[in-house]
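Observations on chain architecture
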Amino acid sequence: RITILRQTTTMTSRSHRDDPSTDAEISAPTSNAVVDVPKDGQEQHEDMRRSLIHEDALNGGDAADSEVDEGEGQGEGGVVVRRLGQTTVVFLLAFVVIITGAFNYVTGKIRAKPLGAYDYFVSLFNSMAYCGLYWAILLVRIVSGQVTPKQLSYVWRSEVPSRPSSFAGGAWKWFVLTGLFDSCGNILGFISQPYVSGAVYSLMNQTIVPFTAIVSMIMLGRKYTLWQVCAITVVVCGAILALVPDLSAHPTGGSSHHMHASESLGFALLTALSTLPSALSFALKEKIFRKYAHHHHGGDGTPPESLDLFVVNSHGSLFGLLWVPLALPLNIVFGQTNGQPLSQYVVDGFSCFGGVTPDSCLCYERNCQAWGCCKYAFSTYMVYVTVNLAFNIFLLALLKVGSALLAFICLKAVLPLSILLFAVYPWPLLDQSDTRVTPYTWVSLVIILGGVVWYKMTDIHKEAIKKKKFEGHEPPCLWPLPLFKRSPGVRQPSRLPSSARNDTH
């Protein structure tokens, strides 16, 4: 299903950094890029039944079991045993996703401690690791026939089959932009992470929810109900509340060099801003999936061909890897080079990453000898990237055998668990300012989680309203306010029967 593929893509795109809260696009409303084709009643009913069985099989539902019973005549006991086994696997995967997601935050903060001003280089090595991983998986899928030459040609040649094939018409230009936005989001997040506490970093990443909503409204034409806007506002208010301690006059920050409160606040805001490029990348990937489905819809009532997930991930990571070196001057903008030339900064960065503290150490800590400066940089990175890879693999596995809603719940459970881990355990290399959790943090956590859950509930309600009152179309903006019910700019639902319309949303 195209929707499932898009949701998976959005969750893996930001996972190159240590932020597992990539579920914002899961909670955002998605529209199936499926073209309806008129059919005879019986044929349409049969295709719909098979489609539902296939989709339910992805989620381990009852329809798949019913089809097995009907086709293979399995006994009731065998079906029960199989379903119990599958349920056990789903819950084990959900548990592992929550645990690895929480430790993803913790190991990311530990990794940022010795690297400090050289944390930019994590984006470079992460991009290399994920680019190699995605292309290896893509190659396997090409050899096995799961990825067709037509899908690869879509990237590098003309987007529209009816037009002459040309390199300039390929979708590669969209992947160039997604690579740019992904790399910028990751780099900004890595630059800011050493300077804020682990809890504040986790909370600031939740601002991807309002950013995704705004970008989706502008680029994809999505409309949000009044209750969705209220829920997004609650999330923003919760994120602002988490910054209150950084407004104090006391030295603060995610390190023991005692930054000014204004500097710590600035890097916290930079963490929040780093989610904007990721939101732009989500919207562009959504457009890529839509365009492919629109131009490759099936004939004679067959569903449109969906673009393979790893075609998108592989090409996006390739262009992202090319953009990372070009973004090196961002370190000058945010004061990471300490006034030295970029060439010297690069040499020192690779030296620190290798575990050797450079003579002209640009450590943002004045007393980094307390934890050995760059001594543990490489070892902490290896622990972090192992946890990060495991988290993404288990998340993809959960989406395959579970559902997007279950993945959403698991990713929301990661946030409070990670903050709890920072609060209750003295992690190596981290001092009190790194693991600081204030009463404002807990209140902010409750508000943000409440806003996200509220948003998810209103999103589910919106989908029901679309089918019940608007014949599958988006409700007007800020519905149900009377002022917007019959806005001149809102397209009214078609009066034609659904079987006689071609819905290309």
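Right, let's walk through the structure included here.

**Concerning the overall build of the protein**
- Helix and strand content of the protein: 19 helices and 0 strands.
- Put simply, the protein has 505 residues, and 50% of those count as buried.
- A fraction of 77% describes how many contacts in the protein between residues 6 or more apart in sequence connect residues 24 or more apart.
- Carbon and sulfur atoms make up 67% of the accessible area of the protein, which amounts to about 21900 Å² in all.

**Here's the deal with unusual backbone geometry**
- One non-glycine residue, Asn338, lies in the positive phi region at around 55°.
- Tracing the sequence through the fold places Asn338 in the loop between α15 (330-333) and α16 (342-353).
- Residue classification places Asn338 among the exposed positions, given a relative accessible area of 61%.
- Not every positive phi belongs to a glycine, and Leu429 is a case in point at roughly 75°.
- Considering the arrangement of structural elements, one finds Leu429 in the loop between α18 (404-424) and α19 (439-469).

**Here we look at the nonpolar core**
- If you look at the biggest cluster of nonpolar residues, it comprises 62 residues, and the most contacted ones within it are Leu115, Tyr120, Val122, Leu203, Met204, Leu415 and Ile448.
- Of all the elements, α18 adds the most residues to this core, at 6 residues.
- Formed by 18 residues, the second largest nonpolar core is a distinct cluster that contains Tyr134, Phe175, Val311 and Val312.

**A look at the packing of aromatic side chains**
- Inspection of the entire model under this criterion finds 16 aromatic pairs.
- With 5.8 Å between their ring centres and 45° between their planes, Tyr130 and Tyr134 make a pair best called tilted. Of this pair, Tyr130 and Tyr134 are both found in helix α6 (residues 120-143), 4 residues apart, which corresponds to roughly one turn of the helix. Residue Tyr130 shares its accessibility class with Tyr134, and that shared class is buried.
- Pairwise contacts between aromatic rings join Tyr118, Tyr120, Phe121, Phe125, Tyr345, Phe350, Phe353, Tyr381 and Tyr384 into one cluster.
- Here Arg111 stacks its cationic end above the ring of Tyr384, 4.6 Å away from the centre of that ring.
- Directly above the aromatic system of Tyr224 lies the positively charged group of Lys462, at a separation of 5.3 Å from the ring centroid.

**Topic: the state of the cysteines**
- A complete count under the given rule lists 1 disulfide for this structure.
- Here Cys352 engages in a disulfide with Cys374; their sulfurs sit 2.0 Å apart. The sign of the S-S torsion, about -95°, decides the handedness of the disulfide formed by Cys352 and Cys374: left-handed. Taken together, the positions of Cys352 in helix α16 and Cys374 in the loop between α16 and α17 (377-401) put the pair 22 residues apart, joining distant regions of the chain.
- Judged by its relative accessible area of 0%, Cys352 falls in the buried class.
- Cys374 gets classed as buried once you look at its relative accessible area, which sits at 0%.

**Some remarks on helix α14 (residues 309-326)**
- For α14, spanning 18 residues, the distance from its first C-alpha to its last is 26 Å, which sits close to the expected 26 Å at 1.5 Å a residue.
- Among the residues of α14, those classed as buried are Leu309, Phe310, Val311, Val312, Asn313, Ser314, His315, Gly316, Ser317, Phe319, Gly320 and Val324.

**Some remarks on the pattern of salt bridges**
- Taken as a whole, this structure holds 8 salt bridges when the rule is applied.
- In this structure, the salt-bridge partner of Lys113 is Asp431, at a minimum N-O distance of 3.2 Å. Highlighted residues: Lys113 in helix α5 (residues 76-115) and Asp431 in the loop between α18 and α19, separated in sequence by 318 residues.
- For the salt bridge of Arg141 with Asp308, the shortest nitrogen-to-oxygen distance reads 2.7 Å.

**Some thoughts on the packing of helix α10 (residues 208-219) against helix α13 (residues 275-295)**
- Contact geometry of α10 with α13 gives a least axis separation of 8 Å together with a crossing angle of 40°. Judged by the inter-axis angle, α10 sits oblique to α13. Relative to α13, the crossing made by α10 is right-handed. When α10 is examined against α13, the residues Ile208, Phe211, Thr212, Val215 and Met219 are found in contact with a partner set consisting of Thr275, Leu276, Ser278, Ala279, Leu280, Phe282, Ala283, Leu284 and Lys287.

**Notes on a nonpolar patch on the surface**
- On the surface, a cluster of nonpolar side chains totalling about 400 Å² of accessible area is made up of Leu420, Val424, Tyr425 and Trp442.
- The exposed category is assigned to Val424, whose relative accessible area is 57%.

**Things to note about the environment of Lys113**
- Its relative accessible area of 2% is what places Lys113 among the buried residues.
- One polar contact links Lys113 to Asp431, side chain to side chain, over a distance of 3.2 Å.

**Examining the environment of Trp174**
- Residue position: Trp174 is located in helix α8 (residues 172-192).
- Taking the C-alpha atoms as reference points, Trp174 and Lys285, separated by 111 residues in sequence, lie 8.1 Å from one another.

Cut-offs used in this document
Residues numbered from 1 in each chain as written. Predicted model: local features only at pLDDT ≥ 70, side-chain atom pairs only at ≥ 80, totals over all residues. Heavy atoms only, no water. Helix = DSSP H or I, 4+ residues; strand = E, 2+ residues; numbered from the N terminus. Buried < 20%, exposed > 50% of the residue type's maximum accessible area, 1.4 Å probe, protein only. Contact = heavy atoms within 4.5 Å. Areas by Shrake-Rupley, 256 points an atom, 1.4 Å probe, with all protein chains shown as cover. Core = buried A, V, L, I, M, F, W, Y, C linked by side-chain atoms within 4.5 Å. Phe/Tyr/Trp six-rings, centres within 6.5 Å; stacked < 30°, edge-to-face > 60°. Lys NZ or Arg CZ within 6 Å of the ring centre and 35° of its normal. Disulfide = S-S within 2.5 Å. Expected span 1.5 Å × (residues − 1). Salt bridge = Lys/Arg side-chain N within 4 Å of Asp/Glu carboxyl O. Axes fitted to C-alpha atoms, helices over the stretch in contact; angles between N-to-C directions. Parallel < 35°, antiparallel > 145°, perpendicular 65-115°, else oblique. Left-handed = near helix turned anticlockwise from the far one by under 90°. Patch = residues over 30% accessible without salt bridge, like charges linked within 9 Å, V, L, I, M, F, W, Y side chains within 5 Å. Polar contact = N/O pair within 3.5 Å; in protein donor to acceptor, adjacent residues only side chain to side chain.

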